[in-house]
Amino acid sequence: MTKRQPLSIVMFIKKHRAATGFVKHRATVLVITFLVLVVGEAQGKVFRNSSAFYRLHSQVFSGYSPNIRPVRNAAKASEVELNLYIKSIVDIDVKAQRLSQVVYMDVTWKDEFITWDPADFDGVANFLVKQKDIWTPDLMFGPHLSGQSLKLGHDDMLLMVWYDGRVSWTPDLTIETTCSMDITNYPFDEQRCTWSMYPWMSDNEHVKLSVRNLSGVLDMLISENAEWDLMDVSTQTCDFTSEHFEFSCISFTYRIKRRATFLVMTICVPTVLLAVLSTMVFGLPVQSQEKISLGVAPVLSFVLLLSVLVKVLPQSSLQTSVFVVYLVVLIVSSTSSVVLTVAIISLYHRPDCLPVPPVFVSFVSFLKGSGCEHIVSKNRESVVGLPDTMSCSQNGTRSTFMADVRRSPDVYVFRSDFSSPALEDDISIDDATRPTTDLDTKSTSGQSHSSLYCVCQSHKAEVTWRDVAAACDYVLFRLFTSIVVIVTCVCFTMMNTGVWTL
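Residues numbered from 1 in each chain as written. Predicted model: local features only at pLDDT ≥ 70, side-chain atom pairs only at ≥ 80, totals over all residues. Heavy atoms only, no water.

A. The pattern of salt bridges, seen in detail. Inspection of every chain in the model, using the stated rule, returns 13 salt bridges. The salt bridge involving Asp156 is made with Lys130; its shortest N-O contact spans 3.9 Å. Of this pair, Asp156 sits in the loop between strand S4 (139-142) and strand S5 (158-162) while Lys130 sits in strand S3 (residues 126-130), and the two are 26 residues apart along the sequence. A relative accessible area of 46% places Asp156 in the partly exposed class. Across the salt bridge formed by Arg166 and Asp164, the nearest N and O atoms sit 2.9 Å from each other. (Salt bridge = Lys/Arg side-chain N within 4 Å of Asp/Glu carboxyl O. Helix = DSSP H or I, 4+ residues; strand = E, 2+ residues; numbered from the N terminus. Buried < 20%, exposed > 50% of the residue type's maximum accessible area, 1.4 Å probe, protein only.)

Okay, here's the thing in structure tokens:
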């Protein structure tokens, strides 16, 4: 018994190992079987779907030709709907009058030759097909630039086809079209660019275009242009006739406004400052040696700026830019100021031995004022009979004079730069306390005594050629400053409001 016991233990261990291995083997078999069933089912489903697509493709495109318009009634036109989505405005070349943009079109129509029941093809409701294998409308855009490809999409582009015959085509394209630019209000201009989509050869009896809606067109603008702001997009269905055939088209109109901040800071502000500087030539003293240089510098600057604008703006006479007209006016004004400055310098350096013409004397005297001595007296007889006298005005307003000369105990002489001083009927004068040359201010707010009588004795100063030159500078400075201010305000108001028409 003791000898067989180890043998029994060994046999027990062997039997236990065999049973455990069997269990593990059976579990492995079950897992493998499950995986085979799952994979087989998936492969079967893929095979069935592939078979459904294959059968559907074979059935739909059996005898199908992409060159034949997909309608069962040839007298019926194919209804093609368009919808526009703008990706970005790439560039607007004002000088070349060209608009470049990136868009994609959502084009849909019904293909009556491609229809099926999804229940017959394992629930397949749509599939993709290459553009070259299906009929597509012969659309093109215009007005286009020469040399540009007008074909929408490409042969390997995929289209979505639905079981009821609906076909969805979304070609994206870079469009370069001509656009008539209106530069009247440059650099605050607003452009309207119109381009169209229309069939190349299919007239209204074959293809009829329509537009679904434009909601979300501006929201689809992926990248904004740094120079232009797309304000609005409008659409219109139109028809046109060519060689006795009527075609339908869809026109899209963009309202685009220039972002003028950069041009205002780099062109408008310097131009206005130069315009102000051009008037300073008359504020500089005549004896200054830089008077001519100050006048010539703005002229050269305006001409240079005008040459820059000529390179940017289109050379068109249909519209004239207000800013260009403004520059021309400033050039004429600055040139005139240089010519007048030369004349003023010539007058300034005339010898004093040459007499000043009466016209210039009157001109200078008018600017300086005639000047007179105002003689006020309590005694009427004291002011009667004075030579070269004229009456003074009296209007009841209070006046203040400086006592200058005392001609007699009851006569005072007041000097003023006005030819017609206003005097009150009653002026208080204290003869006993006022000295002979009293320069204190005499106010009419004092006590009322007897009525005073006044006369105005005129006196004229000698006028020289230097006075004439200074007077010309005085008048021309104010004249040209007024011209620059008025022209600047008018031109910039026109550019902002768009009221200019030429």
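After that view of the structure, there is still more to cover.
B. Summary view of the sheet that holds strand S8 (residues 190-199). The antiparallel open sheet is built from 4 strands, whose spatial order is S4-S8-S11-S10. A strand with exactly one partner marks an edge of an open sheet, and here the two such strands are S4 and strand S10 (228-242). On average, adjacent strands in this sheet sit at an angle of 20° to one another, irrespective of strand direction. As paired elements, S8 and strand S11 (residues 245-258) share 8 bridges and run antiparallel to each other. (Pairing = 2+ DSSP bridges. Axes fitted to C-alpha atoms, helices over the stretch in contact; angles between N-to-C directions.)

C. Local environment of the state of the cysteines. Tallied over the full model, the rule gives 2 disulfides. Here Cys179 connects covalently by a disulfide to Cys193, the sulfurs 2.0 Å from one another. Judged by the sign of its S-S torsion, about -85°, the bond between Cys179 and Cys193 is left-handed. You can see Cys179 sitting in the loop between strand S7 (172-178) and S8 and its partner Cys193 sitting in strand S8, a full 14 residues away along the chain. Assigned by exposure class, Cys179 and Cys193 land together as buried. The side chain of Cys238 participates in a disulfide bridge whose partner is Cys249; the two sulfur atoms lie 2.0 Å from each other. (Disulfide = S-S within 2.5 Å.)

D. Looking closely at the nonpolar core. Counting 72 residues, the largest nonpolar core has Met105, Ile114, Trp195, Met197, Tyr254 and Phe323 as its most contacted members. The contact partners of Trp195, leaving out residues within four places of it in the chain, are Leu84, Gln101, Met105, Phe141, Gly142, Pro143, Ile175, Thr177, Ile250, Ser251, Phe252 and Tyr254. (Core = buried A, V, L, I, M, F, W, Y, C linked by side-chain atoms within 4.5 Å. Contact = heavy atoms within 4.5 Å.)

E. View of the side chain of Ser78. With respect to the element layout, Ser78 can be found in strand S1 (residues 78-93). A polar atom in the side chain of Ser78 sits 3.3 Å from the side chain of Arg69. In contact with Ser78, other than residues within four places in its own chain, are Arg69, Val71, Trp135, His206, Val207 and Lys208. (Polar contact = N/O pair within 3.5 Å; in protein donor to acceptor, adjacent residues only side chain to side chain.)

F. Quick peek at the pairing of S10. Looking at chain direction, S10 and S11 are connected through 14 bridges and run antiparallel. Directly across from Val233, in S11, lies its bridge partner Tyr254. From the end of S10 to the start of S11, which pair antiparallel, there are 2 residues, and Glu243 there has a positive phi angle of about 55°.

G. Fine view of the confidence of the model for the chain. When the pLDDT values of the chain are averaged, the result is 75; 68% of them are 70 or greater. Mean pLDDT per element in the chain: strand S13 (residues 389-391) is the minimum at 38, and strand S6 (residues 166-169) is the maximum at 94. Low pLDDT (under 50) marks residues 370-375, which in the prediction has 44 contacts with non-local residues, meaning those over four places away or in another chain. Here residues 378-459 is modelled with pLDDT under 50, and outside its nearest four sequence neighbours on either side it reaches 175 contacts, counting other chains as well. (pLDDT = per-residue confidence, 0-100.)

H. Focus on the packing of aromatic side chains. The tally for this structure, following the rule as stated, stands at 14 aromatic pairs. With a centroid separation of 6.1 Å and an interplanar angle of 75°, the aromatic rings of Phe61 and Phe127 are classed as edge-to-face. Note that Phe61 is positioned in the loop between helix H1 (5-60) and S1 and Phe127 in strand S3, a separation of 66 residues in sequence. Both residues of the pair, Phe61 and Phe127, belong to the buried class. Where Phe240 meets Phe247, the ring centres are 5.5 Å apart and the plane angle is 20°; that geometry is what we call stacked. Under the relative-accessibility criterion, Phe247 is labelled buried at 8%. Taken together, the aromatic side chains of Phe61, Tyr64, Trp116 and Phe127 make up a single cluster linked through ring pairs. It is Arg350 that lies over the ring of Trp465; its NZ or CZ is 4.8 Å from the centre. The ring centre of Tyr348 lies 5.5 Å from the NZ or CZ of Arg466, which sits over that ring. (Phe/Tyr/Trp six-rings, centres within 6.5 Å; stacked < 30°, edge-to-face > 60°. Lys NZ or Arg CZ within 6 Å of the ring centre and 35° of its normal.)

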